[in-house]
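# Overview (structure and organization)
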Amino acid sequence: SAKEVRQLTERRFDGCRFAVVYIDGVAYAGEMMVCALGITDDGSKYLLGLRQGATENAEVCTSLLEELRERGLATDVPMLFVLDGAKALRAAVKRVWGRHGLIQRCQAHKKRNVQAHLPQKHWPELSRQMNLAYHETDYDQALKLLKLTARWLDRISPDAAASLREGMEETLTVVRLGVPELLRKTLATTNPIESAFSVAQNVTARVKRWRDGDMRQRWCTAGLLRAESKFRRVKGHRQMPQLLKALDRILQGKGLDEERKVA
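Residues numbered from 1 in each chain as written. Predicted model: local features only at pLDDT ≥ 70, side-chain atom pairs only at ≥ 80, totals over all residues. Heavy atoms only, no water.

### A word on helix α2 (residues 58-70)
Our working rule: A run of H or I in DSSP counts as a helix once it spans at least four residues, and a run of E counts as a strand once it spans at least two, with each numbered from the N terminus. Here, expected helix span is obtained from the residue count minus one, scaled by 1.5 Å. Each residue is placed in one exposure class: buried if its accessible area under a 1.4 Å probe, protein chains only, is under 20% of its type's maximum, exposed if it is over 50%, and partly exposed if it falls in between. Here, two residues are considered to be in contact whenever any of their heavy atoms come within 4.5 Å of each other.
An ideal rise of 1.5 Å per residue puts 18 Å on 13 residues; α2 measures up with 18 Å between its terminal C-alpha atoms. Taken as a whole, α2 has its buried residues at Ala 58, Val 60, Cys 61, Thr 62, Leu 64, Leu 65, Glu 67 and Leu 68. Elements that come into contact with the buried residues of α2 comprise α1 (2-9), β1 (18-28), β2 (31-40), β3 (45-53) and α3 (87-97). Just past α2, the residue Gly 72 takes up positive phi, approximately 105°.

### Some details on the packing of helix α6 (residues 139-156) against helix α7 (residues 158-165)
Test applied: Lines are fitted to the C-alpha atoms to define the axes, a helix being fitted only along its stretch in contact, and any angle between axes, read from their N-to-C directions, falls within 0 to 180 degrees. These descriptions rest on fixed angle ranges, namely under 35 degrees for roughly parallel, over 145 for roughly antiparallel, 65 to 115 for roughly perpendicular, and the rest for oblique. Gly is put with the polar residues, along with every residue not named as nonpolar or charged; the nonpolar set is Ala, Val, Leu, Ile, Met, Phe, Trp, Tyr, Cys and Pro, and the charged set is Asp, Glu, Lys and Arg.
Axis separation between α6 and α7 bottoms out at 6 Å; the angle between their running directions is 160°. With respect to each other, α6 and α7 are oriented roughly antiparallel. In contact with Leu 146, Thr 149, Ala 150, Arg 151, Leu 153, Asp 154 and Ile 156 of α6, α7 contributes Pro 158, Ala 160, Ala 161, Leu 164 and Arg 165. The class makeup of the residues in the contact of α6 with α7 is 8 nonpolar, 1 polar and 3 charged.

### A word on the nonpolar core
Most often, soluble globular proteins keep nonpolar side chains buried together rather than apart. Which entries qualify depends on this criterion: Definition used in this section: a nonpolar core is a set of buried Ala, Val, Leu, Ile, Met, Phe, Trp, Tyr and Cys residues joined via side-chain atoms within 4.5 Å.
Grouped together as the largest cluster of nonpolar side chains are 56 residues, with contacts concentrated most on Val 20, Leu 153, Leu 187, Leu 224 and Leu 243. It is α6 that contributes the most residues to this core, 8 residues altogether.

### Quick word on empty space enclosed by the protein
Spelled out, the test is: For each structure, a 1 Å grid was placed over the protein atoms alone; sets of points admitting a 1.4 Å probe that cannot get out are labelled cavities, open sets with protein on both sides within 12 Å along at least five of seven lines are labelled pockets, and lining residues have an atom within 4 Å of a point. Grid points are joined across faces, edges and corners, and a volume is the space filled by probe spheres set on the points.
Summed over all chains, the structure comprises 1 cavity of 30 Å³ or more. Counted as a void, the largest cavity has a volume near 40 Å³. Only α1 and α11 (213-229) provide two or more residues apiece to the lining of the largest cavity. Of all the elements, α1 adds the most residues to the lining of the largest cavity, at 3 residues. Grouping the amino acids of the lining of the largest cavity by side-chain chemistry returns 3 nonpolar, 3 polar and no charged.

### As for α6
Counted only if it meets this: Between N or O atoms, a polar contact is any pair within 3.5 Å; within protein, one atom must be a potential hydrogen donor and the other a potential acceptor, and residues adjacent in sequence are included only when both atoms are from side chains.
The end-to-end C-alpha distance of α6, which contains 18 residues, comes to 26 Å, matching closely the 26 Å that a straight helix rising 1.5 Å per residue would cover. Within the span of α6, buried status applies to Tyr 139, Ala 142, Leu 143, Leu 145, Leu 146, Thr 149, Ala 150, Trp 152 and Leu 153. The backbone nitrogen of Asp 140 has a side-chain oxygen 3.2 Å away, supplied by the residue at the start of α6, namely Asp 138.

Shown next, in the form of structure tokens:
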């Protein structure tokens, strides 16, 4: 497992075009593991790196992204980052990628965060309204629907409404980019990286005694690499060229609003 950790940390990405990077942190045997998973221009998935920390803080996340930059991951081209909504992750992306880092907030996490502020009897209606917005193909209409949901929540729970409004536009980035439906479903949530973490946790589920932090990192890496060995290209991978074109137009100086008109 120590050899596998070295192999992961020594991977080079020079010349590789990664269009999407998922970043997520998970509590693993009492420690926080922050992982980055990339999607190439043909839809293939690869583990990029792993960082261990006491919490999912901006310093740990920034350290991971800076390491990926040093190993050849380009930071001077537009890239879509799919995050769970943690402010530390967003801050790290903006610190390292700057304007080239586009954020897609996980729609599933947003739903759960809003639900947490509501009585359970309102969950079905909330889910219906948010799903209606997230399945829209027109950005303006999707945003309008979410704003209407927020106004509905104002009457039920101001805290739920505030939760929905926080980062609302970033939950619609894939819609704003004009990503086709099948690929949009893949990129709208952090499910791909969460599935990899699930495999890693299953690998070590029977471990009762953790000797030190190094053991956690080694075993988590081993589990993630096992998950990677079973990776298939993402659903909707044939639509990756359309995402790349949208990202490239941004590289040529067009903002998201102009890009949406072109799409």
